[in-house]
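Summary of the model geometry
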Amino acid sequence: MKKILVIAFLTLTSVSIQAQEELTWHTDMSKATDISIKENKPLFLFFTGSDWCGWCIRLQKEVFKTPEFIKWAKESVVLVELDFPRRTPQDEAVKLQNAQLQQQLQVRGYPTVWFVSAAKTTDSKVNLTALGSTGYVAGGPQVWLDGANQIIKKK
């Protein structure tokens, strides 16, 4: 009986870890923008306070870590996490990048998700076009994804 419980626990743990590892969350906008342009997908900019924001944690748990979201994200967007932690150390370049994007998109609260399309100009500068934003939406992954799909239809 003890062996069965251990095997069941290990199986469930590995499935949970595997589901979380399936998505790539970028923190470098330059790399994410290149991928977005190459794959013709909008950028999904997730403004979060990962170590203090209760609604951010709830959004991740209820939506971002579900199989429905994982499948949708892989097909539809390039994920970028723009984190504003209070206790977790962060590289200065990442802090600056995140603060600039927060100001540019006028993010006032967390969680905020902006969908933007990226294009390069002839002089290799990047233009971001805002498609729309959302935040925490009650109702689970399907309700959240329905709203996200309405926004990215504008691309």
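In what follows, the structure referred to is the one given above.
Quick look at the structure, then. Treat the numbers as computed from the prediction; the structure is a model and nothing was measured.

Some points on the packing of aromatic side chains
- One pass over the structure, following the stated rule, counts 20 aromatic pairs.
- Where Phe64 meets Trp144, the ring centres are 5.5 Å apart and the plane angle is 80°; that geometry is what we call edge-to-face. Here Phe64, found in helix α3 (residues 54-64), pairs with Trp144, found in helix α6 (residues 141-152); they are 80 residues apart in sequence, far enough to count as distant. Each member of the pair Phe64 and Trp144 is classed as buried.
- Ring plane angle 70° and centroid distance 6.1 Å describe the contact between Phe69 and Trp144, whose orientation is recorded as edge-to-face. Residue Phe69 is found in helix α4 (residues 67-76), and its partner Trp144 is found in helix α6; the two are separated by 75 residues along the sequence. The same class applies to Phe69 as to Trp144, namely buried.
- Feature note: the residues Trp25, Phe44, Phe46, Phe64, Phe69, Trp72, Phe115 and Trp144 constitute an aromatic cluster, connected by ring pairs.
- Positioned above the aromatic ring of Trp52, the side-chain terminus of Arg86 is 3.8 Å from the ring centre.

Structural notes on α6
- In this model α6 runs 16 Å from its N-terminal to its C-terminal C-alpha over twelve residues, within 8% of the 16 Å that 1.5 Å per residue would give.
- Of all the residues in α6, the buried ones are Pro141, Trp144, Leu145, Ala148, Ile151 and Ile152. Looking down the long axis of α6, one finds its buried residues gathered within 115° of arc, a one-sided arrangement.
- In this fold, the buried residues of α6 make contact with β1 (43-48), α3, α4, β3 (112-120) and β4 (126-134).

What to know about unusual backbone geometry
- In this chain, Tyr110 is followed by Pro111 through a cis amide linkage whose omega measures -5°.
- Tracing the backbone shows Pro111 in the loop between α5 (92-104) and β3.
- Of note in the backbone geometry, Ser124 takes a positive phi value of approximately 65° without being a glycine.
- Its location among the elements puts Ser124 in the loop between β3 and β4.

Procedures and definitions
Residues numbered from 1 in each chain as written. Predicted model: local features only at pLDDT ≥ 70, side-chain atom pairs only at ≥ 80, totals over all residues. Heavy atoms only, no water. Phe/Tyr/Trp six-rings, centres within 6.5 Å; stacked < 30°, edge-to-face > 60°. Helix = DSSP H or I, 4+ residues; strand = E, 2+ residues; numbered from the N terminus. Buried < 20%, exposed > 50% of the residue type's maximum accessible area, 1.4 Å probe, protein only. Lys NZ or Arg CZ within 6 Å of the ring centre and 35° of its normal. Expected span 1.5 Å × (residues − 1). Arc of directions from axis to C-beta. Contact = heavy atoms within 4.5 Å.

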